[in-house]
Amino acid sequence: MSGDRGDGFVGVFGAPPQALADAPGRVNLLGEHTDYNDGFVLPIAIAQRTRVAMRVNGRPDCALHAQGQGATVRFTLDAAPSEHFASYVYGCLMLARGRGVDVPGLDIHVESDVPMGVGLSSSAALEVATLRCLRELLRLPFDDVLIAQLAQRAEIEYAGVNCGIMDQMASSLADTTRALLLDTRGLERRFVELPPGTGVLVIDSGVARTLAGSGYNERRAQCEEAARLLGVPSLRDVEDAARLAPLPALLQRRARHVVTENARVLQAVACTSPAAFGALMNASHASLRDDYEVSTPELDQLVALLQQQPEVHGARLTGAGFGGACVALCEQSGIAPAGRRVVAQYNAGGRHGRVLVPPLPG
Ligand code: GLA
């Protein structure tokens with residue numbers, strides 16, 4: 001509980017908070033668009049976190065202040081606030097109420113250094129931090145998996161993205177030093193070391209994810225249709241891409257990405273060679289670009305530049321795609337120089353790339 005966190009709350013509400021909690025963003029190393037197909041994912045938490053502070057205010061309504069978002073938003077649980085960021089917090093409170101929690105009027109302060117809108121799960125960090133803070137404030141018997149499940153429902157039911165559970169599980173359970181191998185069907189999980197001597201570099205393409213919502217929900221519907229035509233509960237149940245042959249061409253490509261991506265995650269966690277792990281990341285990007293069609297020219301260019309660096313073992317877009325950031329597995333000692341070089345080359349074409357992970361000091 002840093003002084004800063006309490007200070008932000010005191011500055012807005014004039015009294016110290018009664019509970020503080022935080023949660024990290026995440027970057028996904030492999031296993032993209034597999035979670036809503038009951039498949040495998042391999043995220044790792046990032047250093048940037050969202051911090052939430054709360055106090056029971058003795059009134060019937062909630063007052064929510066997010067640093068950098070201007071005015072304080074006021075709402076009661078009877079009507080969803082119109083501000084988009086507030087709907088995540090509102091959704092979490094509503095879902096807690098749905099589990100029988102008597103949610104009082106609250107003053108809530110949010111601050112975050114998780115980059116927003118780039119595929120690093122700023123929304124999951126906000127949801128998980130909100131639920132953690134409510135757990136602390138009201139002494140709720142919610143475990144970390146339940147928090148992730150409620151956070152996912154907040155995103156689906158109150159923010160309108162029909163997402164899987166990767167981001168919320170990562171924010172609730174991952175750490176920053178090892179990747180989290182998660183089977184999204186039964187939520188079995190274990191930590192996996194990165195290949196020896198390597199670390200993670202994330203660069204933002206500077207291109208907003210404009211089509212993310214609609215394109216994401218469309219991809220999910222296509223996967224469900226493919227599974228239905230194949231007569232399986234989900235694409236997780238297909239291991240051999242040859243079984244996809246009866247599908248119409250578009251659905252076949254979508255499903256092939258999912259089937260091959262699940263295989264790549266399982267191969268990656270079994271390999272100790274950085275080069276082999278990196279090659280799987282490169283193959284993932286090609287599959288996301290060609291079969292799943294969620295890349296953009298800017299992401300392709302950034303990935304190509306990353307892949308050309310001698311310190312980089314492999315690179316791919318990360319998160320839902322349609323813009324946002326790319327992740328690379330890099331020689332630990334080469335992360336900073338490779339990041340600087342790639343950003344300089346990419347921005348020479350008039351773009352606005354920037355290194356997001358590791359975060360700049362300060
Ligand atoms: C978003 C969703 C996740 C996952 C990824 C793509 O981050 O929130 O559930 O589907 O896209 O892998």
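Residues numbered from 1 in each chain as written. Predicted model: local features only at pLDDT ≥ 70, side-chain atom pairs only at ≥ 80, totals over all residues. Heavy atoms only, no water.

What follows covers the site of the ligand. Every residue close to the ligand is listed here: Arg26, Glu32, His33, Asp35, Tyr36, Cys163, Gly164, Met166, Asp167, Tyr216 and Ala320. Taking histidine 33, its main chain carries an N or O atom lying 2.6 Å from an oxygen atom of the ligand. Between an oxygen atom of the ligand and a side-chain N or O atom of tyrosine 216, the distance comes to 2.6 Å. Expressed as a share of its isolated accessible area of 300 Å², the protein-covered part of the ligand is 93%. Considered class by class, the residues forming the shell around the ligand number five nonpolar, two polar and four charged. (Near = heavy atom within 4 Å. Polar contact = N/O pair within 3.5 Å; in protein donor to acceptor, adjacent residues only side chain to side chain. Areas by Shrake-Rupley, 256 points an atom, 1.4 Å probe, with all protein chains shown as cover. Nonpolar A, V, L, I, M, F, W, Y, C, P; charged D, E, K, R; others polar.)

Below, the discussion takes up the domain arrangement of the protein chain. Parsing the protein chain into structural domains produces domain 1 (2–193) and domain 2 (198–357). Computed over C-alpha atoms, the centres of domain 1 and domain 2 are 25 Å apart. Buried area between domain 1 and domain 2, summed over both chains or domains, comes out near 3000 Å², and the portion from carbon and sulfur atoms is 61%. Residues glutamate 32 and arginine 316 are paired through a salt bridge, measuring 2.6 Å at the closest nitrogen-oxygen approach. The interface formed by domain 1 and domain 2 includes 25 residue pairs in polar contact (both at pLDDT 80 or more). Among the secondary structure elements, those contributing two or more residues to the side of domain 1 that touches domain 2 are strand 1 (19–28), strand 2 (40–41), strand 3 (43–56), strand 7 (179–183) and strand 8 (189–192). If you tally residues by element for the side of domain 1 that touches domain 2, the top one is strand 1, at three residues. Considered class by class, the residues forming the side of domain 1 that touches domain 2 number 15 nonpolar, 12 polar and seven charged. (Domains from an automatic or database assignment. Buried area = accessible area lost by both parts, 1.4 Å probe. Salt bridge = Lys/Arg side-chain N within 4 Å of Asp/Glu carboxyl O. Helix = DSSP H or I, 4+ residues; strand = E, 2+ residues; numbered from the N terminus.)

Turning our attention to the packing of helix 7 (residues 249–270) against helix 8 (residues 274–290). The interhelical angle for the contact between helix 7 and helix 8, taken along N-to-C directions, is 170°, at an axis separation of 10 Å. Regarding the angle of helix 7 to helix 8, the classification is roughly antiparallel. Contact residues: Arg253, His257, Thr260, Glu261, Arg264, Gln267 and Ala268 in helix 7; Phe277, Leu280, Ala283, Ser284, Ser287, Leu288 and Asp290 in helix 8. When its residues are assigned to classes, the contact of helix 7 with helix 8 shows five nonpolar, five polar and four charged. (Axes fitted to C-alpha atoms, helices over the stretch in contact; angles between N-to-C directions. Parallel < 35°, antiparallel > 145°, perpendicular 65-115°, else oblique. Contact = heavy atoms within 4.5 Å.)

With that out of the way, let us pick up the state of the cysteines. Evaluation of the coordinates by the stated rule reveals zero disulfides. The structure places no disulfide on cysteine 133, whose sulfur is separated from the nearest cysteine sulfur, that of cysteine 92, by 11 Å. Left without a disulfide partner, cysteine 271 is nearest to the cysteine sulfur of cysteine 330, which lies 16 Å away. (Disulfide = S-S within 2.5 Å.)

Attention now goes to the side chain of glutamine 309. For glutamine 309, the position within the fold is in the loop between helix 9 (297–308) and strand 10 (312–317). Contacts of glutamine 309, omitting those with residues within four sequence positions, involve Ala338, Arg341, Val342 and Gln345.

A sheet is described by the order of its strands in space; here five strands give the open sequence 1-3-6-4-5, paired in mixed fashion. Strand pairing shows two members of the sheet lacking a second neighbour, strand 1 and strand 5 (73–75), which therefore form its edges. Neighbour to neighbour, the strand axes of the sheet diverge by 20° on average, direction disregarded. Note: strand 4 (residues 62–66) against strand 5, three bridges, orientation antiparallel. Each bridged residue has a counterpart across the sheet, and for alanine 63 the counterpart in strand 5 is arginine 74. Packing of helix 3 (residues 122–138) onto the sheet brings it into contact with strand 1, strand 3 and strand 6 (106–112), and relative to strand 1 it is tilted by some 155°. Across the sheet, helix 5 (residues 166–173) is in contact with strand 1 and strand 3; its angle to strand 1 comes to roughly 125°. (Pairing = 2+ DSSP bridges.)

Attention now moves to the packing of helix 3 against helix 5. Helix-helix packing is described using two parameters, namely the angle between the two axes and the distance between the axes. Running from N to C, helix 3 and helix 5 cross one another at 50°; their axes reach a closest spacing of 9 Å. One element, helix 3, and the other, helix 5, form an angle in the oblique class. As helix 3 runs across helix 5, the sense of the crossing is right-handed. Packed against helix 3, whose contacting residues are Ala124, Ala125, Glu127, Val128 and Arg132, the element helix 5 presents Asp167, Gln168, Ser171 and Ser172 at the interface. In terms of residue class, the contact of helix 3 with helix 5 is built from three nonpolar, three polar and three charged. (Left-handed = near helix turned anticlockwise from the far one by under 90°.)

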